[in-house]
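The lines below spell out each chain.
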Amino acid sequence: MKHLVAPSILSADFANLQRDIEMLNKSYADWIHVDIMDGVFVPNISFGFPVVKAVKQHALKPLDVHLMIVDPDRYLNEFKEAGANNISVHFEACIHLHRTIQKIKELGCRAGVAINPHTPIAQLSDIVEDIDLVCMMSVNPGFGGQKFIESTYRRIRELRLLAQDRNPNLLIEIDGGVNHQNSLSLLQAGANVLVAGNTVFGADDQMASIKQLKDVSITRKAV
Ligand code: DX5
Ligand code: ZN
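Cut-offs and rules
- Residues numbered from 1 in each chain as written.
- Chains lettered and ligands numbered in written order.
- Predicted model: local features only at pLDDT ≥ 70, side-chain atom pairs only at ≥ 80, totals over all residues.
- Heavy atoms only, no water.
- Donors = N, O, S within 2.8 Å, 3.2 Å for Na, K, Ca; no water.
- Tetrahedral: all angles 85-135°; square planar, octahedral: opposite > 155°, others 65-115°.
- Helix = DSSP H or I, 4+ residues; strand = E, 2+ residues; numbered from the N terminus.
- Buried < 20%, exposed > 50% of the residue type's maximum accessible area, 1.4 Å probe, protein only.
- Salt bridge = Lys/Arg side-chain N within 4 Å of Asp/Glu carboxyl O.
- Phe/Tyr/Trp six-rings, centres within 6.5 Å; stacked < 30°, edge-to-face > 60°.
- Near = heavy atom within 4 Å.
- Polar contact = N/O pair within 3.5 Å; in protein donor to acceptor, adjacent residues only side chain to side chain.
- Areas by Shrake-Rupley, 256 points an atom, 1.4 Å probe, with all protein chains shown as cover.

## Description of the coordination of the zinc ion (ligand 2)
Then, number 1: Around the zinc ion (ligand 2), the donor atoms from the protein are H33 (NE2), D35 (OD), H66 (ND1) and D175 (OD), and they sit 2.0 to 2.3 Å away.
Then, number 2: Between the six donor atoms coordinating the zinc ion (ligand 2), the angles at the centre fall across 70 to 170°, so the site counts as octahedral.
Then, number 3: Site description for the zinc ion (ligand 2): donor spacing in sequence, H-x1-D-x30-H-x108-D. Of this pair, H33 sits in strand β2 (residues 32-37) while H66 sits in strand β3 (residues 63-68), placing them 33 residues apart in sequence. By the burial criterion, H33 is buried, and H66 matches it.

Below, the structure is given as structure tokens:
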């Protein structure tokens, strides 16, 4: 499977959000990554349902909603109604993670678990077969434009190994500090979804930056 690219609108121009969504529609982006922060689970507040609904009105691509909020079960219905196609919840935010995942699936969304840079990969061993996606944080969640954490490569390999028997189709999404220097190594380690905020929206040519992320190829010539 060719990897997916999910630009994060956390780094978009909020005063020109429609323009930026229309750019994503025309680009090679596969999903639109939507970061929801509550100021409790992470030390920042982003935006809520009205903004997600407004994005959905213009978006021609699936919304990949990343909930950095405590007790996300309270809001799953609302995010589905606002237009989410994928919903990822943080491992540390869910007391009954299995139940939360079932609920997301019942809503008809792809179900994801997001893990912090310190969350042991082994914690996923009894949920990995129930989920579609792991959103692996490669920065501490809360802000765009942070520096990529290098231990992510090892963690991707470990997760790919864990998933290989129980869920070989697992999507491993890397979120934070993804750029044109590390994208190939991330895919080689076993990732197959790249989130990018600053790398896309900080570029002079945003569509070209998305295409560059999409064009990264790990296929090798047969010898
Ligand atoms: C961080 C968010 C990320 C963020 C990525 O908490 O989850 O999705 O937008 O931004 P960059 O790519 O700039 O690190
Ligand atoms: Zn995110």
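Next, the rest of the story.
## A few points about the pattern of salt bridges
One side chain can pair with another of opposite charge once the charged atoms of both are near each other.
Then, number 1: What the rule picks out here adds up to five salt bridges.
Then, number 2: Taking the shortest distance from any N to any O, the salt bridge between D71 and R74 comes out at 3.6 Å.
Then, number 3: Residue classification places R74 among the partly exposed positions, given a relative accessible area of 47%.
Then, number 4: Connected through salt bridges with shared partners, the residues D13, R19 and D20 form a single ionic network.

## Some points on the packing of aromatic side chains
Then, number 1: A full pass over the atoms with the stated rule returns four aromatic pairs.
Then, number 2: Seen from their ring centres, F49 and Y75 are 5.9 Å apart, and the 50° between their planes marks the pair as tilted. Placement of the pair is F49 in helix α2 (residues 49-58) and Y75 in the loop between β3 and α3 (76-82), with a sequence separation of 26 residues.
Then, number 3: Residue classification places Y75 among the partly exposed residues on the basis of a relative accessible area of 29%.
Then, number 4: Each ring, one from F49 and one from F79, has its centre 4.6 Å from the other, and the planes form 55°; the classification is tilted. Placement of F49 in helix α2 and of F79 in helix α3 is noted, with a sequence separation of 30 residues between them.
Then, number 5: In this structure F79 comes out as buried when scored by relative accessible area, which is 2%.
Then, number 6: Taken together, F49, Y75 and F79 form an aromatic cluster joined through their ring pairs.

## Some thoughts on the site of ligand 1
Then, number 1: Surveying the vicinity of ligand 1 reveals 20 residues, the closest of which are S8, D35, G142, D175 and G197.
Then, number 2: At 2.7 Å from an oxygen atom of ligand 1 is found a side-chain nitrogen or oxygen belonging to D35.
Then, number 3: H66 has a polar side-chain atom sitting 3.3 Å from an oxygen atom of ligand 1.
Then, number 4: Alone, ligand 1 offers 380 Å² of accessible surface; in the complex the protein occludes 99% of this.
Then, number 5: Looking at the shell around ligand 1, the elements with two or more residues in it are β2, β3 and β8 (193-196).

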